[in-house]
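Remarks on the overall topology
Take a look at the letters that make up each chain.
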Amino acid sequence: DCREILLPSMTDQLKYHLERQEDLEACCQLLSNILEVLYKKDVGPTQCHVQIIMEKLLRTVNRTVISMGRDSELIV
């Protein structure tokens, strides 16, 4: 139930900061943590939550990574 409330707000905030290239390291860490939790086996159904993240953030994440360049320390 918490994910239904928190996930839309968190993805909106991530998108806001990623588009402005603010706090990129914190954004990467937060998105990574969210996805790690969603891929665990014991957290219930997550497909719709992953879909929300993909719909809201995929384009923004791709643009952010492209704009960072290969020499960025955040790109592994």
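This structure is a prediction, so every number in the text was calculated from the model and none was measured.

1. Overview of the UniProt feature "domain: Dedicator of cytokinesis TPR repeats region" (unreviewed entry) in the protein
- Per the UniProt entry, the sites bearing "domain: Dedicator of cytokinesis TPR repeats region" (unreviewed entry) are residues 1-75 in this numbering.
- Span residues 1-75 is 73% helix and 0% strand, its end C-alpha atoms 33 Å apart.

2. Regarding the pattern of salt bridges
- All chains considered together, the criterion is met by two salt bridges.
- Among the ionic pairs, lysine 56 bridges to aspartate 12, the shortest N-O distance being 3.2 Å. Of this pair, lysine 56 sits in helix α3 (residues 47-68) while aspartate 12 sits in helix α1 (residues 2-19), and the two are 44 residues apart along the sequence.
- We note a salt bridge from arginine 20 to glutamate 19, for which the minimum N-O separation is 3.8 Å.

3. A few points about α3
- With 22 residues, α3 should cover 32 Å at 1.5 Å per step; its first-to-last C-alpha distance of 29 Å lies within 8% of that length.
- At leucine 57, α3 shows its maximal bend, which comes to roughly 50°.
- Among the residues of α3, His49, Val50, Ile53, Leu57, Thr60, Thr64 and Met68 are the ones counted as buried.
- Contact partners of the buried residues in α3: α1 and α2 (24-38).
- Downstream of α3 by a residue or two, glycine 69 has a phi angle that is positive, lying close to 85°.

About the cut-offs
- Residues numbered from 1 in each chain as written.
- Predicted model: local features only at pLDDT ≥ 70, side-chain atom pairs only at ≥ 80, totals over all residues.
- Heavy atoms only, no water.
- UniProt positions renumbered as here; feature names shortened; annotations may be inferred.
- Helix = DSSP H or I, 4+ residues; strand = E, 2+ residues; numbered from the N terminus.
- Salt bridge = Lys/Arg side-chain N within 4 Å of Asp/Glu carboxyl O.
- Expected span 1.5 Å × (residues − 1).
- Bend = angle between axes of the 7 residues up to and from the residue.
- Buried < 20%, exposed > 50% of the residue type's maximum accessible area, 1.4 Å probe, protein only.
- Contact = heavy atoms within 4.5 Å.

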